[in-house]
Amino acid sequence: MRNYLRNLRLQKKYSQTEIAKLIGISQRHYSDIERGKSDPSWAVAQRFEQLFNIPAGELLAESGEEPGKTA
(Lines give C-alpha, C1' and ligand atoms only; values in the text may rest on other atoms or scores of the structure.)
Protein backbone atom coordinates (compact mmCIF):
# COMPACT_ATOMS: atom_id res chain seq x y z
CA MET A 1 0.00 0.00 0.00
CA ARG A 2 2.73 2.46 0.92
CA ASN A 3 4.54 2.52 -2.41
CA TYR A 4 1.21 2.46 -4.20
CA LEU A 5 -0.08 5.47 -2.27
CA ARG A 6 3.17 7.39 -2.79
CA ASN A 7 3.12 6.63 -6.52
CA LEU A 8 -0.49 7.79 -6.81
CA ARG A 9 0.41 11.05 -5.06
CA LEU A 10 3.42 11.63 -7.30
CA GLN A 11 1.40 10.89 -10.44
CA LYS A 12 -1.01 13.64 -9.41
CA LYS A 13 1.98 15.91 -8.63
CA TYR A 14 0.75 16.62 -5.09
CA SER A 15 2.85 17.20 -2.01
CA GLN A 16 2.08 15.32 1.18
CA THR A 17 0.72 18.55 2.63
CA GLU A 18 -1.65 19.06 -0.29
CA ILE A 19 -3.00 15.51 -0.04
CA ALA A 20 -3.44 15.84 3.71
CA LYS A 21 -5.46 19.05 3.28
CA LEU A 22 -7.60 17.52 0.52
CA ILE A 23 -8.60 14.54 2.67
CA GLY A 24 -8.81 16.40 5.97
CA ILE A 25 -5.92 14.95 7.99
CA SER A 26 -2.65 16.38 9.26
CA GLN A 27 0.45 16.24 7.10
CA ARG A 28 2.16 14.19 9.79
CA HIS A 29 -0.64 11.61 9.80
CA TYR A 30 -0.49 11.39 6.01
CA SER A 31 3.29 10.99 6.14
CA ASP A 32 2.93 8.20 8.72
CA ILE A 33 0.42 6.42 6.47
CA GLU A 34 2.65 6.74 3.43
CA ARG A 35 5.70 5.49 5.35
CA GLY A 36 3.81 2.56 6.85
CA LYS A 37 3.92 3.81 10.45
CA SER A 38 0.13 4.15 10.58
CA ASP A 39 -2.84 2.65 8.79
CA PRO A 40 -5.65 4.84 7.51
CA SER A 41 -9.06 4.49 9.08
CA TRP A 42 -11.84 3.26 6.81
CA ALA A 43 -13.13 6.84 6.54
CA VAL A 44 -9.71 8.13 5.46
CA ALA A 45 -9.33 5.24 3.00
CA GLN A 46 -12.67 6.24 1.49
CA ARG A 47 -11.42 9.80 1.04
CA PHE A 48 -8.36 8.40 -0.75
CA GLU A 49 -10.76 6.38 -2.89
CA GLN A 50 -12.57 9.55 -3.94
CA LEU A 51 -9.39 11.51 -4.55
CA PHE A 52 -7.53 8.83 -6.52
CA ASN A 53 -10.56 7.03 -8.01
CA ILE A 54 -9.50 3.60 -6.75
CA PRO A 55 -11.26 1.14 -4.41
CA ALA A 56 -10.56 1.86 -0.73
CA GLY A 57 -9.96 -1.85 -0.18
CA GLU A 58 -6.89 -1.65 -2.40
CA LEU A 59 -5.37 0.93 -0.09
CA LEU A 60 -6.00 -1.24 2.93
CA ALA A 61 -4.25 -4.25 1.39
CA GLU A 62 -1.31 -5.34 3.49
CA SER A 63 1.04 -6.39 0.72
CA GLY A 64 2.84 -3.07 0.49
CA GLU A 65 2.83 -3.38 -3.31
CA GLU A 66 0.57 -2.14 -6.03
CA PRO A 67 -2.55 -4.27 -6.27
CA GLY A 68 -2.27 -6.87 -8.99
CA LYS A 69 1.53 -6.98 -8.95
CA THR A 70 3.47 -9.95 -7.68
CA ALA A 71 7.03 -10.10 -6.46
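Residues numbered from 1 in each chain as written. Predicted model: local features only at pLDDT ≥ 70, side-chain atom pairs only at ≥ 80, totals over all residues. Heavy atoms only, no water.

Colleague: Please clarify how the overall build of the protein chain should be interpreted in this entry.
Modeller: Within the protein chain one finds five helices and zero strands. Scanning the protein chain from its N terminus toward the C terminus, one meets helices and strands in the order α-α-α-α-α. Going through the 71 residues of the protein chain one by one, you find that 34% of them count as buried. A separation threshold of at least 6 residues defines the contact pool for the protein chain, and within that pool the share at least 24 residues apart is 53%. (Helix = DSSP H or I, 4+ residues; strand = E, 2+ residues; numbered from the N terminus. Buried < 20%, exposed > 50% of the residue type's maximum accessible area, 1.4 Å probe, protein only. Contact = heavy atoms within 4.5 Å.)

Colleague: Would you mind going over unusual backbone geometry with me for this structure?
Modeller: If a residue is not glycine, its phi is most likely negative; likewise, a peptide bond is most likely trans. Of note in the backbone geometry, lysine 13 takes a positive phi value of approximately 60° without being a glycine. Mapping lysine 13 onto the fold places it in the loop between α1 (2-11) and α2 (16-23). Positive phi values are uncommon outside glycine, yet asparagine 53 reaches one of about 55°. The class of asparagine 53 is exposed, set by a relative accessible area of 70%.

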